[in-house]
Amino acid sequence: MALTVGLRPLTRALLRPWARVPGAALGRPAAGSGDGVRCFGSPRVLVEPDPAAVGVAVMKMRNPPVNSLSLEFLTELLISLEKLENDKTFRGIIITSDCPGIFSAGLDLLEMYGRDPAHCAEYWKAVQELWLRVYLSNLVVIGAINGISPAGGCLLSLSCDYRVLANNPKYAIGLNETLLGIIAPFWFKDVLVNTIGHRAAERALQLGFLFPPSDALQVGIVDQVVPEDQVQSTARSVMAQWLAIPDHARQLTKNLVRKPTADRLLQQRDADIQNFVRFISRDSIQKSLHVYLEKLKQKKG
Ligand SMILES: CCCCCCCCCCCCC/C=C/C(=O)SCCNC(=O)CCNC(=O)[C@H](O)C(C)(C)COP(=O)(O)OP(=O)(O)OC[C@H]1O[C@@H](n2cnc3c(N)ncnc32)[C@H](O)[C@@H]1OP(=O)(O)O
């Protein structure tokens, strides 16, 4: 899937071989990777082969304070995912967070507030790309959700093949866009409907539900809820179960199930970008984003 077509110099620059990140070239320990474990990645994404599971990589999101999906962060995630897809020694990825208490705060609001149409278009293209890359990945992708996961963070989780959520009442998950005065695009909606069913998704989307772990399990937005210190080990054991299936058969089946949903976006990516730019540029929407950003600031007292 072409990554750099239509992207502006900034993003193309970020897509330059990630190995320019000191010490992060595949095979050499990246700065701070401790015991020399072979890992790679970039400033905001650390990818470590799982020492206890052959063919499995753990991708740690580390864009403090809240793993908000900025354009740079999206680009680094895309580069790491592409590297893993192209490295045939890997068969599965566990996606998790290095930001305490937060899986991902979702799309970076500052990429959509007060920005010009060209930037919004570029940003949305990267959001589309991340979803397509995860949702259609040939690898087994397991979400080890160790923090709160609203909106874009929930979409990332829903795009995994399996979701393990830590049993901490603060770690709510859901597509809460209406609470911000915006809406989830059709492909966010489609993934939620596919996961929890039409009526549950309709209600959750309209009310901007953020489901605490027990409710998230009950409605089916996550597959398992475990004590916080068992999230990674549970993700690893589920991965082993999925990797016991012959890759080719599993990949063809995943594609059979997911391609119709992905095709709905693939067939209208440019129109979706234009719809996003028109929608997000509305004065009323910009005002809603301003109010929400102010609320976040006031929350800190
Ligand atoms: C008509 C039809 C056509 C339609 C066409 C398409 C329409 C498309 C619509 C637009 C697209 C919609 C899809 C949007 C998806 C999203 O993901 S929107 C983002 C949703 N995210 C949230 O609501 C989470 C907001 N954040 C929080 O609730 C809290 O920050 C937290 C995650 C619970 C963490 O709390 P805490 O630990 O207390 O940290 P804070 O102090 O709140 O935050 C720390 C700093 O981080 C900033 N921040 C937090 N979240 C974000 C974010 N998402 N983006 C940017 N920045 C964020 C926060 O402001 C703090 O900043 P500082 O004050 O500078 O420290």
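I will try to describe carefully the structure that is included in this document. (Residues numbered from 1 in each chain as written. Predicted model: local features only at pLDDT ≥ 70, side-chain atom pairs only at ≥ 80, totals over all residues. Heavy atoms only, no water.)

1. Considerations on the site of the ligand
Filter applied, for reference: In this text, near means that some heavy atom of the residue lies within 4 Å of the molecule or strand in question. Pairs of N or O atoms are called polar contacts if they sit within 3.5 Å, as long as, within protein, a hydrogen donor faces a hydrogen acceptor (for residues adjacent in sequence, only side-chain-to-side-chain pairs). Starting at the N terminus, helices and strands are each numbered in turn, a helix being any DSSP run of H or I of at least four residues and a strand any DSSP run of E of at least two.
Residues in close proximity to the ligand total 29 residues, the closest being Ala-105, Leu-107, Leu-109, Tyr-292 and Lys-299. The contact in question runs from an oxygen atom of the ligand to an N or O atom on the backbone of Leu-107, over 2.7 Å. Measuring from an oxygen atom of the ligand, one finds a side-chain N or O atom of Lys-299 at 2.8 Å. Looking at the shell around the ligand, the elements that each hand over two or more residues are β7 (147–150), α10 (269–281) and α11 (283–299). Top contributing element to the shell around the ligand by residue count: α10, with four residues.

2. Comments concerning the packing of helix α3 (residues 117–135) against helix α9 (residues 247–266)
Filter applied, for reference: Axes here refer to lines fitted to C-alpha atoms; in helices the fit is confined to the stretch in contact. Angles between the N-to-C directions go from 0 to 180 degrees. By definition in this entry, angles of less than 35 degrees are roughly parallel, angles greater than 145 are roughly antiparallel, angles of 65 to 115 are roughly perpendicular, and the rest are oblique. Left-handed describes a crossing in which the near helix is turned anticlockwise from the far one by less than a right angle; the clockwise case is right-handed. Contacts: residue pairs with any heavy atoms within 4.5 Å of one another. Residue classes follow a fixed rule: Ala, Val, Leu, Ile, Met, Phe, Trp, Tyr, Cys and Pro count as nonpolar, while Asp, Glu, Lys and Arg count as charged, and any other residue, Gly among them, counts as polar.
As a packed pair, α3 and α9 sit with axes 10 Å apart at the nearest point and diverge in direction by 165°. Our classification of the angle between α3 and α9 gives roughly antiparallel. When the axes of α3 and α9 are compared, the crossing they make is left-handed. Along its contact with α3, which presents Gln-128, Trp-131, Leu-132, Val-134 and Tyr-135, the element α9 presents Lys-254, Arg-258, Thr-261, Ala-262, Leu-265 and Leu-266. Class assignment for the residues of the contact of α3 with α9 results in seven nonpolar, two polar and two charged.

3. Considering the environment of Gly-174
Our working rule: Three labels apply to residues, based on accessible area from a 1.4 Å probe with only protein chains included: buried if under 20% of the type maximum, exposed if over 50%, partly exposed otherwise in between.
With respect to the helices and strands, the residue Gly-174 is situated in strand β9 (residues 173–174). According to the relative accessible area criterion, Gly-174 is buried, its value standing at 0%. Separated by 90 residues in sequence, Gly-174 and Leu-84 place their C-alpha atoms 27 Å apart. Those residues within four positions of Gly-174 in sequence are excluded, and the remaining contacts are Ser-149, Pro-150, Ala-151, Cys-154, Phe-209, Leu-210 and Ile-221.

4. Some remarks on unusual backbone geometry
Most peptide bonds take the trans configuration, and most residues that are not glycine carry a negative phi. Residue Pro-65 is reached from Pro-64 by a cis peptide bond, and omega for that bond is 10°. For Pro-65, the location among the structural elements is in the loop between β3 (56–61) and α2 (71–86). Of note in this structure, Asn-67 is not a glycine but carries a positive phi near 50°. Along the chain, Asn-67 turns up in the loop between β3 and α2. The phi dihedral of Ala-151 falls on the positive side, at around 50°, and the residue is not glycine. Along the chain, the position of Ala-151 falls in the loop between β7 and α4 (152–158).

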